Amino acid sequence: MSASTAEYLLELRFPAQANRMVMVRDIVRSAARFCGFDEPATQDIVLAVGEACQNVILHAYDGRGDGPILLDILDSADRMILRVTDFGPAVATATVQPRALHELRPGGLGTHFIHKVMDTADFGRSPTGVGNVLQMTKKKDLAK
């Protein structure tokens, strides 16, 4: 599904600082509800965006808080599309993999959670060539 067939709900640009995440989570929660998701699916979406943004804060900007995060939220008839963009150094997409769950150590679980709760999670370079993009989708339960 291309983003061109979806309605653009919002674009949010905020500093890569952990103290902004409360507001971001509230906005994502509101957007998920607006798109018709129930509470469990809404929590999954909030979790995925939170983990993605934490990864940007820690890895793209090394926790400095000096770079922006761009969050795009789109809605279509059958899914919600969320795109998290940073403007940090290029990351080799093959290195962005969840760590094996049997390896008990900090880090690496965020990508596991994202892949577990979202229907798709595709990581790549920004089309502009500057930064990285994680595009996630969550299908709607159309049986309701």
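Here, the structure is the one placed above.
Residues numbered from 1 in each chain as written. Predicted model: local features only at pLDDT ≥ 70, side-chain atom pairs only at ≥ 80, totals over all residues. Heavy atoms only, no water.

Novice: Which parts of the structure should I look at to understand the packing of helix 1 (residues 21-34) against helix 2 (residues 39-60)?
Specialist: To describe two helices that pack against each other, one gives the angle between their axes and the distance between the axes. The N-to-C vectors of helix 1 and helix 2 enclose an angle of 145°; their axes lie 9 Å apart at closest approach. The two elements helix 1 and helix 2 cross, and the hand of that crossing is right-handed. Contact residues: helix 1 offers Met 21, Val 24, Arg 25, Val 28, Arg 29, Ala 32 and Arg 33, while helix 2 offers Glu 39, Thr 42, Gln 43, Ile 45, Val 46, Val 49, Gly 50, Cys 53, Gln 54 and Ile 57. Tallied by class, the residues present in the contact of helix 1 with helix 2 amount to nine nonpolar, four polar and four charged. (Axes fitted to C-alpha atoms, helices over the stretch in contact; angles between N-to-C directions. Helix = DSSP H or I, 4+ residues; strand = E, 2+ residues; numbered from the N terminus. Left-handed = near helix turned anticlockwise from the far one by under 90°. Contact = heavy atoms within 4.5 Å. Nonpolar A, V, L, I, M, F, W, Y, C, P; charged D, E, K, R; others polar.)

Novice: Please clarify how the packing of helix 2 against helix 3 (residues 109-117) should be interpreted in this entry.
Specialist: Contact geometry for helix 2 and helix 3: axes closest at 9 Å, N-to-C directions at 150°. Put simply, helix 2 runs roughly antiparallel to helix 3. Pair helix 2 / helix 3 crosses with left-handed handedness. Of the residues in helix 3, those in contact with Asp 44, Leu 47, Ala 48, Glu 51, Ala 52 and Asn 55 of helix 2 are Gly 110, Thr 111, Phe 113, Ile 114 and Val 117. Class assignment for the residues of the contact of helix 2 with helix 3 results in six nonpolar, three polar and two charged. (Parallel < 35°, antiparallel > 145°, perpendicular 65-115°, else oblique.)

Novice: Teacher, can you tell me more about the environment of Val 49 here?
Specialist: Relative to the elements of secondary structure, Val 49 occurs in helix 2. The spacing of Val 49 and Gly 110 is 61 residues in sequence and 9.8 Å in space, taken between C-alpha atoms. Ignoring sequence-local partners within four residues, the contact set of Val 49 consists of Val 24, Val 28, Leu 71, Leu 82 and Met 136.

Novice: Can you walk me through helix 3 in this structure?
Specialist: Residues three or four positions apart in an α-helix share a direction because the helix packs 3.6 residues into each turn. Of all the residues in helix 3, the buried ones are Gly 110, Thr 111, Ile 114 and Val 117. Buried residues of helix 3, viewed axially, fall in a sector of 145°; they line one side. Taken together, the buried residues of helix 3 touch helix 2, strand 4 (120-125) and strand 5 (132-139). (Buried < 20%, exposed > 50% of the residue type's maximum accessible area, 1.4 Å probe, protein only. Arc of directions from axis to C-beta.)

Novice: Help me understand the pairing of strand 4 in this model?
Specialist: Within a regular beta strand, the side chains point alternately toward one face of the sheet and then the other, so they alternate between its two faces. Bridge analysis of strand 4 against strand 5 gives six bridges, and the strand direction is antiparallel. Paired with Thr 120 across the bridge in strand 5 is Thr 137. Hairpin connection of strand 4 to strand 5: six residues between the antiparallel strands, including Gly 129 at a positive phi of 90°. (Pairing = 2+ DSSP bridges.)

Novice: Sorry if this is basic, but what is going on with the pattern of salt bridges here?
Specialist: If the charged atoms of two oppositely charged side chains come close together, the side chains can form a pair. The final tally for this structure, using the stated rule, is eight salt bridges. We note a salt bridge from Arg 64 to Asp 62, for which the minimum N-O separation is 3.3 Å. The shortest N-O distance in the salt bridge between Lys 140 and Asp 75 comes to 2.5 Å. Highlighted residues: Lys 140 in the segment after strand 5 and Asp 75 in strand 2 (residues 68-75), separated in sequence by 65 residues. Via salt bridges that share partners, Asp 62, Arg 64 and Asp 66 belong to a single interconnected network. (Salt bridge = Lys/Arg side-chain N within 4 Å of Asp/Glu carboxyl O.)

Without other data, these values stay purely geometric and don't point to any function.
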